[in-house]
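Observations on the three-dimensional arrangement
Take a look at the letters that make up each chain.
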Amino acid sequence: MLSKKIDRALRICSAVQELRSEVESEMCDGDDIREERYARHYLLELACADVATVAGVRTETVFRQFVTGFGADEDTMMDMVLDFLEAPGYARQNTRFVAVLYESLSKTDALDEFRQRVEAV
């Protein structure tokens, strides 16, 4: 079983993947979310809200845990998530996002489950 922090980070990543095209079409000129800071913030906020609803906690709690729980700011975390999502399947294991999550694993986190969840995104 994975810790809440790792589980929620992977869920946020999945939600970003699902919501990205919708946010890009609504808020971005030229469909490049990396150039629109507000759109990136909004996308992260929507993803956190989805995860918070499932977890039964406040959106702010999920957002704060994601942004501060890994020792990086919001823009850096979103860059890592976007890099992860844009990487080809075989290269995802070598992204900064996976490295940050791996470094944050606790002794109770199962490596096999972590690998499976990363591959499932």
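In what follows, the structure referred to is the one given above.
Summarised in this report is the structure supplied together with it. Throughout, residues of each chain are indexed from 1 in the direction in which the sequence is written. Whole-chain, interface and lining totals are the exception, using all residues; otherwise, since this is a predicted model, local features are given only for residues with pLDDT of at least 70 and side-chain atom pairs are given and counted only at 80 or more. To get the side-chain values, all heavy atoms of the structure are used, and hydrogens and water are removed first.

1. Considering the packing of helix α2 (residues 37-55) against helix α3 (residues 59-68)
To keep things clear, this is the line we draw: Every axis corresponds to a line fitted to the C-alpha atoms, with the helix fit spanning only the stretch in contact, and the corresponding angles, defined between N-to-C directions, vary from 0 to 180 degrees. Secondary structure elements are defined from DSSP: runs of H or I of at least 4 residues count as helices, runs of E of at least 2 residues count as strands, and each element is numbered from the N terminus. We call a crossing left-handed when the near helix sits turned anticlockwise from the far one by less than a right angle, and right-handed when that turn is clockwise. Residue contacts are counted whenever heavy atoms from the two residues lie within 4.5 Å of one another.
Here α2 crosses α3 at 115°, and the two axes come no closer than 8 Å. For the element pair α2 and α3, the recorded crossing hand is right-handed. In contact with H41, L44, E45, C48, A49, V51 and A52 of α2, α3 contributes T59, V62, F63, F66 and V67.

2. A word on the packing of aromatic side chains
Here is the rule we go by: Two aromatic rings from Phe, Tyr or Trp, using only the six-membered ring of Trp, form a pair when their centres are within 6.5 Å; if the ring planes differ by under 30 degrees the pair is stacked, by over 60 it is edge-to-face, and anything between is tilted. In this scheme, a residue with accessible area under 20% of its type's maximum is buried, one over 50% is exposed, and one in between is partly exposed, where area comes from a 1.4 Å probe on protein chains only. Here, a charge over a ring means that NZ of Lys or CZ of Arg falls within 6 Å of the ring centre while also lying within 35 degrees of the ring normal.
For the coordinates displayed, the defined rule picks out two aromatic pairs. Ring geometry for F66 and F70: centres 6.3 Å apart, planes at 75°, overall edge-to-face. Owing to a relative accessible area of 11%, F70 belongs among the buried residues under this scheme. Look at F84 and F97: their rings are 5.4 Å apart centre to centre, the planes differ by 55°, and that puts the pair in the tilted class. Highlighted residues: F84 in helix α4 (residues 74-86) and F97 in helix α5 (residues 96-103), separated in sequence by 13 residues. Given the relative accessible area of 0%, F84 is considered buried. Lying across the ring of F70, K5 places its NZ or CZ 5.0 Å from the centre. Sitting above the plane of the F84 ring, R92 keeps its charged end 4.8 Å from the centroid.

3. Side note on the environment of R34
The test is simple: As used in this structure description, the phrase polar contact means that two N or O atoms lie within 3.5 Å; if the pair is within protein, one of them must be able to donate a hydrogen and the other to accept it, and residues adjacent in sequence are counted only when both atoms belong to side chains.
With respect to the secondary-structure elements, R34 resides in the loop between α1 (4-27) and α2. In sequence terms R34 and D75 are 41 residues apart; their C-alpha atoms lie 9.7 Å from each other. Not counting residues up to four positions away in its chain, the partners in contact with R34 are R40, D79, L82, D83 and E86. Of the polar contacts made by the side chain of R34, one reaches the side chain of D83; its length is 2.6 Å. One polar contact links R34 to E86, side chain to side chain, over a distance of 2.9 Å.

4. With respect to the nonpolar core
To keep things clear, this is the line we draw: Here the nonpolar core consists of buried residues drawn from Ala, Val, Leu, Ile, Met, Phe, Trp, Tyr and Cys, with membership extended through side-chain atoms lying within 4.5 Å.
With 39 residues, the main nonpolar core has I12, V16, F66 and F97 as its most contacted residues. For this core, the secondary-structure elements that each account for two or more residues are α1, α2, α3, α4, α5 and α6 (111-120). It is α1 that provides the largest number of residues to this core, a total of nine residues. F66 has contacts with A9, I12, L44, M77, V81 and F97, leaving out every residue within four places of it along the chain.

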